[in-house]
Structures are given as structure tokens and as C-alpha cells.
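A structural walkthrough
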Amino acid sequence: MTTTTQSGELPLELAETVVIRFAGDSGDGMQLTGNQFTTSSALVGNDLATLPDYPAEIRAPAGTRAGVSGFQLAFSSRDIHTPGDSPDVLVAMNAAALAVNYKQLKPGGLIIANTGNFGEKDLEKAQLKTNPLADGSLDGFRVIEIDINKRVAEALKDSGLNAKEVQRCKNFYTLGLLYWLYSRPMDVTEKWLRDKFGKRPELAEANITAMKAGYNAGDIHQLFQGRYDVKKCQELPNGTYRNIMGNPAVGLGLIAGAELAGLEIVLGSYPITPATTILETLAAYKHYGVTTIQMEDEIAAICAAIGASFAGKLGVTTTSGPGMALKTEAMGLALMTELPLVIVNVQRGGPSTGLPTKTEQADLNQAIFGRNGESPIPVLACATVGDAFECAVEACRIAVEYMTPVILLTDGFIANGAEPWKLPDIDALPRFEVKFAQDKDGFLPYSRDEKGARPWAKPGTPGLQHRIGGLEKAHLTGNVSYDPDNHEFMIHARLEKVMGIRESIPTPKVEGAQNGKLLVLGWGSTYGAITEAREQLHRKGIEFGQMHLRHLYPLPKGLAEIFARYDRVLVPEINLGQLARYMRGEFQNVEFLSYGRTLGLPLRAHEIAAKIETLLEQ
């Protein structure tokens, strides 16, 4: 950091990267506050990454630890890959929020505590015997105590709002204070508030007044020793960027994939955390030929999507782990009928209901192996928020080119996270337009092209009537067959078609050391933490190879040759080693080491780096 001074103002200190965590009761608007700070930082031109963290209960008791909602974001003048391992700043709106989060703060970090919610009853709800603001618990941190409840009440005393409505504005007071501290503009949030509360302008003006009061308080009350500025990131490739979250990125990718295939989307979905916002995203694009159907359950949702594919649309269904379990039989139906279908699984903590608002990568076994019979279905996984768009397009391509269901894995971290996304050149995206069967002469519904895909015939096309359903198909005719040799032939035909996808996918690139003691192999949302760990160790002169898998089944060609260049392969993942076990079965001469955590949180870069250092010292 470097420090400059401006005449008549507090010192302005340039910071490269800042990590802030907003934390409060689930009714305090922490997600909204974090999203507004994120949008403001994106427009400044910072690179950023976010980690929303909210309770699973619809309404946990206010002021309790179970009800704490958090939003962490990192914003930077350099290219970053994670929302940060530990916050520099913790904004604690009540005692419970402080108790849950302060131990994760960096040593010497800044705590901004709303003393208005640290009374005796607040401490009791937070299961605190003493007040941490006074008992020495926070001696290792810088603590700014502000009665935000009182400040907001004073700022809005003439607003005409009742006391409850006034207190709902305190998150914007906090936002204004942080906007001042980190030199963020307020105009974008002002516009957003006026648009959001267009029918109740008094609420918009009250929140704007509270935000400006917080902004001015930083200067008037001299709470801080200085201000910070995080300059625009110059490391990102040139282009037009927008701030995007993972689920909307998947939704836009599905729309783009359908357009590139020359098809219309029909989404059959049942709301489930954390996948629901994909349904909400697609529902807003009816003008792009998107049809969304909110079904009564998960089974109906996937069956509606299969029916749409049978009718010549691109069927899509979205869910999370418990919903995947319910959809399993219908996945087999889509595989047996050989119809294109995209199945999006936004993974969350399990088993059963598990941790519905926390992230995990523990559905890999389910995706690859979790069906009855020999049921090969392609599986791919998103690495980042921006990558979710490309992966959704790729899932659509594989589905229609190979006439197969495809599983796209993402997770809660990607789904709810945000980052700057460079808008793609749509005209440069390769098209894979579908050619429906038209010629009735010699039509055989289960004949195969050079990719092993059968013809796609729309119902009602003259002369192209054929049998459909879940019973085994006879080769070429598609009639029901119980012949044992035909059954084995068709099992191999479906498998060879899926394995043939390897011809159309690239071998993953290796970053860092191209050979040596260690290769770190990742998949899904571990990409950012592994990349950050590699960059941290590179600055210390420690090198290793890094490779990330998008295509998990079938695996790309060339992996055995890459693995042979390293002594060992470390596999970090947010489960107990599912990819590592899978890879041991596929590459029996390679030493795969598992590094699995199941905390309901993303992996931390510094923990991965420590594990790598230990292995390299052995």
C-alpha cells in the first residue's frame, strides 16, 4: 500500500485488495447490502468475487446465531480468483453476527459494530455471557463502535416512516459508511433504490437519506484514521464487462446454446435451493422463445422436459442433489429414448436436506454412477461464475449433437457468487444447428450417424412414426426387444456414443510447472482457490502443475500422458475424495492424493497452499 494526502481531507491510502464481510440478522438486508457494494465496485472497474452466506431456515429467531446472514466480497485492482480466505473488515449488525464471524477476521482487522444491538437481551440471544466489545475478546482487532440504530433514527426523524420502517434503513446507513471508507460512488445505488421503490418513493428517499447520513458520518464523526481507494483493475482482458451471478450465467448460457442449435428451450423445473434463480432467470426471456413450467414436483419437472425434447424443443431441467435423486428414473428414460436433455444440478451440502444454503461438491458419484443399469450420461462442471455460461453452451452442444441427456454440475458457491463477466462475441460462437429427420424413405429411428447419434424426428412428421419409451430398443427399428444379443449390442452402442464425445473436447491445459513432483487436479468451483494457492506459492518460488477438469465423464484424452510427468497428483475437492477415488479406478498406476473438506464453505487458498508445501517437502 502507498499513502497520499489530499488538502483538507483524511489520508487516502491505496489498497490492492480488500475483503469485507457484512453480517447481521437475516432481516437486516445483508445480501442486498453486499450486492449493492458489489455492483458499485464492478462499475469502478475492480475485479471482484463474492460469497453470500445465509441461513437455511425461512425465518430463524432474530438475533440468534442460527439467524445470522453474511455476505463476503473481495474487490481488487488485480486479477483475483476467490472472495478471500479471511476478511479485512467485518461489519457486525448485532451481537450474534459478531460472535459467529469475528474469529475468521484477519489479525488486526477492522470491526464495525452496531452497538444498538448489543444490549443484555441481544447478548443472551447470541449465547454470550459477556459483551465482547468490553471483555477483551477483540483486543487483536481495530473496533469502531457505532449505534447505527440511533443514527438512522436521527437521520429519518422527519421522514414520516414508523419506527419499524426506519430501522429497516439501517443497512443503507452501513452501506453509505463503507462507500465513504472505500471511496465508492453512491449514484448507482440511488438509482436502484428509486427504481425498486417506484410505487413508494418515500421509502426510496428514506433509504437514500440513510445512505448519505452514513457516508457523511465517516467524515463528520472522524471514526477512521484514513480512507482507502482500490483502483480499476488493469489486468483483465479488454472488452465489455457486466457483473453477473452464477445462476443467471447458466440461464444465459442455456438460452445461447439453444439459439446456436436453432431450437427453443422448454424448462421443466421445481423450485429448490440453490437452483431456483435459474428458473427465475429463464422465465424473464419469453421473448427469446423460452418456455418455463414450474411443475408440482421434481419427477414431473424432468418428465415435462423430456416430453418437450420429444416434441423437438431443447428440454432442460434444473435442481439440486435431493431433486437429482428423484429425477433418476426419468434420466434413464431420456437415455433409453436417446433424446437431448440438459440436467443442471446446483450442488449443496447433503445428505438429505443437509445444508441447503451451503456449498458442496458431493454429488459427483451420483452424477456419474447414480442410475440403474448401464446408464452412461455425459457430465461436466463449471469452474467459475463466468465459466458457467460457456459450460451451459457446451452442455447444449453435447446434448443435441450426440442425442443424449447431459448433466451440468455447478454448486451453491458459483450459483450465488458474482464476478465481472466479459460479454462474449455471440457471432463468434460456433453454431451446431439441429437437422430434424424429414425423409421417410429408409427411415430407421435407431440408426446412427458418424457420432453414434440417432435421428431426431418430430412427432407428426409424415412417415416417421416410431416407438418411444423406456423398454429396450431393437437396433435400427426401435421396436421393443428382449433379445439378449440386441440388449448387449445397444448397451455398447449407447456407451460408445458417449465415449465418442472425447473426440470433440480438448485435453485440459496444465498451468505452472509442466512436470515435477506434484500436479494439483481440480474440478468445479475449486478452480479459484487452487489458482490463488499456485500464485501465492509462485511468489515464494515454489512451483507445481495445475490442471482443471471441465469434462468429468467421459474424461478427455491425453490425461495418462500428463499424469506420467508428475510423481503424485493432489485432488482438492469439497467432499471426501470422490474425484480422487474415480481417478484411481481410471488410472491405476497414478498416485492420487485426496484433500477433501466438507465445511459447507469453499476451499481456502492458504490451506491448499499449506498442503502443497507439506507434500513438496516430503
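Located above this text is the structure these notes cover.
What this report covers is the structure whose coordinates are included nearby. (Residues numbered from 1 in each chain as written. Predicted model: local features only at pLDDT ≥ 70, side-chain atom pairs only at ≥ 80, totals over all residues. Heavy atoms only, no water.)

Description of the overall build of the protein chain
Heads up, the rule is: Only DSSP runs of H or I covering at least 4 residues are called helices, and only runs of E covering at least 2 are called strands; the numbering of each starts at the N terminus. We compute the radius of gyration from the C-alpha atoms alone; for a globule the expected value is 2.2 Å times N to the 0.38, where N is the number of residues. The buried label goes to any residue with under 20% of its type's maximum accessible area, the exposed label to any with over 50%, and the partly exposed label to all in between, with areas taken from a 1.4 Å probe on protein chains only. Here the accessible surface of atoms and residues is derived via Shrake-Rupley with a 1.4 Å probe, and residues count as covered only by protein chains that are part of the display. Two residue types count as positive, namely Lys and Arg, and two as negative, namely Asp and Glu; His and chain ends fall outside the count. Charge placement uses NZ in Lys and CZ in Arg. For Asp and Glu, CG and CD serve respectively.
Counting secondary structure elements, the protein chain contains 20 helices and 23 strands. Its C-alpha atoms give the protein chain a radius of gyration of 27 Å, within 12% of the compact-globule value 25 Å for 618 residues. By principal-axis analysis of the C-alpha atoms, the protein chain measures approximately 85 × 65 × 45 Å. In the protein chain, which comprises 618 residues, the share counted as buried stands at 55%. Accessible surface, the protein chain: about 26,300 Å² in total, of which carbon and sulfur atoms supply 51%. Side-chain charges in the protein chain split into 61 positive and 71 negative, and the spacing between the mean points of these groups amounts to 2 Å.

What to know about the nonpolar core
Where we set the bar: We define a nonpolar core as any set of buried Ala, Val, Leu, Ile, Met, Phe, Trp, Tyr and Cys residues linked to one another through side-chain atoms lying within 4.5 Å. Residue contacts follow a heavy-atom distance rule, with two residues in contact if any of their heavy atoms lie within 4.5 Å.
Ranked by size, the top nonpolar core spans 92 residues in total, and within it Leu254, Leu521, Phe563, Leu579 and Met583 carry the most contacts. In terms of residue count, helix H14 (residues 385-401) provides more of this core than any other element does, 11 residues in total. Phe563 has contacts with Leu519, Leu521, Met547, Val569, Met583, Phe587, Val590 and Phe592, leaving out every residue within four places of it along the chain. If you look at the next biggest cluster of nonpolar residues, it comprises 44 residues, including Val166, Phe172, Leu177 and Tyr179.

Some details on the packing of aromatic side chains
The description of two aromatic rings rests on the distance between their centres and on the angle between their planes. The condition that has to hold: For Phe, Tyr and Trp, where Trp contributes only its six-membered ring, two rings pair if their centres lie within 6.5 Å, and the inter-plane angle classes them as stacked under 30 degrees, edge-to-face over 60, or tilted in between. Criterion for a charge above a ring: Lys NZ or Arg CZ within 6 Å of the ring centre, and within 35 degrees of the ring normal.
Under the criterion given, the structure shown has 13 aromatic pairs. A ring pair is formed by Phe22 and Phe37, whose centres lie 6.0 Å apart and whose planes are at 55 degrees; its orientation type is tilted. Of the two residues, Phe22 sits in strand E3 (residues 17-25) while Phe37 sits in helix H1 (residues 30-44), which places them 15 residues apart along the sequence. Each member of the pair, Phe22 as well as Phe37, is classed as buried. Taking 5.4 Å as the distance between ring centres and 25 degrees as the angle between the ring planes, the aromatic pair formed by Tyr182 and Tyr228 counts as stacked. With a gap of 46 residues between them, Tyr182 in the loop between helix H6 (170-181) and helix H7 (187-196) and Tyr228 in strand E9 (residues 227-229) connect regions that are remote in the sequence. Each member of the pair, Tyr182 together with Tyr228, is buried. Three or more aromatic residues joined by ring pairs make a cluster, and in this case those are Phe22, Phe37, Phe75, Tyr179, Tyr182 and Tyr228. Positioned above the aromatic ring of Phe436, the side-chain terminus of Lys458 is 4.6 Å from the ring centre.

So, the sheet that holds strand E14 (residues 341-347)
Threshold: Two strands are counted as paired when DSSP detects at least two bridges linking them. The convention used is that axes are lines fitted to C-alpha atoms, helices contributing only their stretch in contact, and that angles between N-to-C directions extend from 0 to 180 degrees.
As summarised here, the arrangement of the 7 strands in space is E12-E11-E13-E14-E16-E15-E21, forming an open sheet in which the pairing is mixed. Each having just a single partner strand, strand E12 (291-294) and strand E21 (551-553) make up the two edges of the open sheet. Taken pair by pair, the neighbouring strands of this sheet meet at an average axis angle of 20 degrees, ignoring direction. Across 4 bridges, strand E11 (residues 265-269) lies against E12 in parallel orientation. The partner of Gly268 across the bridge, within E12, is Ile293.

Thoughts on the environment of Leu105
Along the chain, Leu105 turns up in the loop between helix H2 (95-101) and strand E7 (110-114). Leu105 has contacts with Pro87, Asp88, Val89, Leu90, Leu110, Ile111 and Phe141, leaving out every residue within four places of it along the chain.

Here we look at helix H9 (residues 246-261)
The following threshold applies: One less than the residue count of a helix, multiplied by 1.5 Å, gives the span that helix is expected to have.
The first and last C-alpha atoms of H9 sit 22 Å apart over 16 residues, in line with the 22 Å expected at 1.5 Å per residue. With 14 of 16 residues buried, H9 lies mostly within the body of the structure. Two residues or fewer after H9 comes Gly262, characterised by a positive phi angle close to 75 degrees.

Some details on the pattern of salt bridges
What counts is decided by this rule: The term salt bridge refers to a pairing of a side-chain nitrogen on Lys or Arg with a carboxyl oxygen on Asp or Glu at a separation within 4 Å.
Per the counting criterion, the structure on display carries 26 salt bridges. In this structure, Glu190 and Lys212 form a salt bridge, with 4.0 Å as the shortest nitrogen-oxygen distance. One end of the pair, Glu190, is in helix H7; the other, Lys212, is in helix H8 (residues 201-220), and 22 residues separate them in sequence. The residue Lys557 makes a salt bridge to Glu503 at a minimum N-O spacing of 2.4 Å. With Lys557 in the loop between E21 and helix H18 (559-563) and Glu503 in the loop between helix H16 (484-499) and strand E18 (510-512), this pair connects stretches of sequence that are 54 residues apart. The network of salt bridges with common partners includes Glu190, Arg194, Glu205 and Lys212.

Structural notes on the state of the cysteines
Note the threshold: The criterion for a disulfide is a pair of cysteine sulfur atoms lying within 2.5 Å.
Scanning all chains against the criterion turns up 0 disulfides. No disulfide involves Cys396; its nearest neighbouring cysteine sulfur is the one of Cys391, lying 11 Å away.

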